[in-house]
Amino acid sequence: MSTTEKAPAPVTGHGPGGSGGAPRGPRRRITDENGRRMPVWEIVLRYGLLLAVLALMIGPFLWQLSTSLKGPHEDLFSSPPKFLPSDPTFHNYERVADTIPVWDYALNSLKVAAANVVTNCVGAALAGYALARLRYRGRRAATLVFILAMLVPVEGIIIAQFTTMRELNLNNTLIGVLLPGCVSALNVLLMRNAFLNVPYEIEEAAFVDGANVWQRFTRIALPAVKGTLAVVAIFAFMGAWDDFLWPLIVLSDPERFTLTIGLNYLHGTFANDERLVAAGTVIAVLPLIVLFACLQRYFFRGVGEGAVKG
């Protein structure tokens with residue numbers, strides 16, 4: 001990432017040979033991560049690439065937001081396309097709520113996502129601390145099991161998961177939707193690496209003072225990895241909120257449908273009305289934006305704390 005440094009200000013004098021007037025402020029120059037001064041073309045290239053990536057990332061969402069606000073008489077496929085609606089309206093959101101019980105579906109998704117955040121934060125923190133700090137036989141083998149679990153595709157075990165839920169009588173329940181993803185292997189490895197970055201000397205000092213394992217975990221290690229916990233919370237919420245395949249398989253009662261399944265029925269019923277589909281998409285994405293906005297200051301710090309090392 002480029003940084004900005006201040007160059008020394010030129011000295012101006014009022015004596016013989018000196019130029020009059022007030023001294024100018026310090027000039028700024030942009031440098032890279034190595035302290036090398038960046039030429040203008042490189043600065044323009046970097047910012048151009050950033051703007052291009054930004055357009056690719058948020059462009060589709062902004063287009064969906066614009067489509068959801070367009071009235072029934074506006075042409076969605078005009079050439080050239082019109083990005084801003086001429087007569088913005090929220091009527092499409094009201095039609096979505098009138099067509100399907102979207103708020104009930106959103107509440108079901110919120111229940112599953114919130115429970116998934118709690119189980120992943122608690123389970124991943126406990127397992128990550130055990131893998132990073134505790135000394136016991138088979139610790140490396142347990143770490144390898146979590147790494148291998150990440151390599152198994154969901155489609156390869158989804159039949160076994162469905163059979164297990166049926167045997168436990170958890171089919172067609174929100175608990176059955178939650179249970180297979182309540183602790184993610186990726187989140188456990190993130191927490192493990194975050195705990196490994198905490199200096200051992202701090203816990204050794206606490207051990208000398210008489211702190212047991214639980215006290216060292218809750219009072220020393222856990223507060224030091226709050227950023228990684230925020231990353232785990234975001235990943236867990238996004239994974240549960242956006243999940244479509246598993247809820248579609250395990251749920252059969254429309255009253256227990258999550259938002260992704262409900263919006264799929266909206267799309268199938270009104271495939272020609274892109275305004276309703278766009279409004280439903282915005283409703284589904286909005287909680288993710290709010291969550292990230294609340295936890296963004298912890299997110300970037302947590303990525304560095306819990307980065308998976310090679």
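Keep in mind it's a predicted model, so treat the numbers as computed, not measured. (Residues numbered from 1 in each chain as written. Predicted model: local features only at pLDDT ≥ 70, side-chain atom pairs only at ≥ 80, totals over all residues. Heavy atoms only, no water.)

So, the packing of helix α3 (residues 102–132) against helix α9 (residues 213–224)
- Contact geometry of α3 with α9 gives a least axis separation of 12 Å together with a crossing angle of 110 degrees. Comparing the axis directions of α3 and α9 gives the class roughly perpendicular. Residue-level contacts link Ala125, Leu126 and Tyr129 of α3 to Val213, Trp214, Arg216, Phe217, Ala221 and Leu222 of α9.
- Tallied by class, the residues present in the contact of α3 with α9 amount to 8 nonpolar, no polar and 1 charged. (Axes fitted to C-alpha atoms, helices over the stretch in contact; angles between N-to-C directions. Helix = DSSP H or I, 4+ residues; strand = E, 2+ residues; numbered from the N terminus. Parallel < 35°, antiparallel > 145°, perpendicular 65-115°, else oblique. Contact = heavy atoms within 4.5 Å. Nonpolar A, V, L, I, M, F, W, Y, C, P; charged D, E, K, R; others polar.)

Focus on the nonpolar core
- Val96, Met191, Phe195, Trp241 and Leu259 are the most contacted members of the largest nonpolar core, which has 48 residues in total.
- Sorting elements by how many residues they give to this core places α3 first, with 12 residues.
- Apart from the residues lying within four places of it in its own chain, the contact partners of Trp241 are Ala106, Ser109, Leu110, Ala113, Leu259, Thr260, Ala284, Pro287 and Leu288. (Core = buried A, V, L, I, M, F, W, Y, C linked by side-chain atoms within 4.5 Å. Buried < 20%, exposed > 50% of the residue type's maximum accessible area, 1.4 Å probe, protein only.)

Concerning the environment of Arg139
- As for its position among the elements, Arg139 is in helix α4 (residues 139–151).
- Classification of Arg139 as partly exposed rests on a relative accessible area of 21%.
- Not counting residues up to four positions away in its chain, the partners in contact with Arg139 are Ala130, Leu131, Ala132, Arg133 and Leu134.
- Here the side chain of Arg139 touches Leu134 through a polar contact of 3.3 Å, landing on its backbone oxygen. (Polar contact = N/O pair within 3.5 Å; in protein donor to acceptor, adjacent residues only side chain to side chain.)

Concerning the environment of Gly227
- Tracing the backbone through its elements, the reader meets Gly227 in helix α10 (residues 226–242).
- Between the C-alpha atom of Gly227 and that of Tyr298, which follows or precedes it by 71 residues, the distance is 4.5 Å.

Details of the packing of α3 against α4
- It is at 9 Å that the axes of α3 and α4 come closest, and there the two elements cross at 135 degrees. Between α3 and α4, the angle is such that the two are oblique. The two elements α3 and α4 meet at a crossing, and its hand is left-handed. On the side of α3, the interface is formed by Ala130, Leu131 and Ala132, while α4 contributes Arg139, Ala142, Thr143 and Phe146.
- Its residues assigned to classes, the contact of α3 with α4 comprises 5 nonpolar, 1 polar and 1 charged. (Left-handed = near helix turned anticlockwise from the far one by under 90°.)

A closer look at the packing of aromatic side chains
- Per the stated rule, a full pass over the model turns up 7 aromatic pairs.
- Look at Tyr105 and Phe257: their rings are 6.2 Å apart centre to centre, the planes differ by 45 degrees, and that puts the pair in the tilted class. Here the residue Tyr105 occupies a position in helix α3, and Phe257 occupies one in the loop between α11 (245–250) and α12 (259–269), the gap between them amounting to 152 residues.
- Residue Phe257 is classed as buried on the basis of its relative accessible area of 6%.
- The positively charged end of Arg133 is found above the aromatic ring belonging to Tyr200, 4.0 Å away from the centroid. (Phe/Tyr/Trp six-rings, centres within 6.5 Å; stacked < 30°, edge-to-face > 60°. Lys NZ or Arg CZ within 6 Å of the ring centre and 35° of its normal.)

Just geometry here; none of it tells us what the structure is for.
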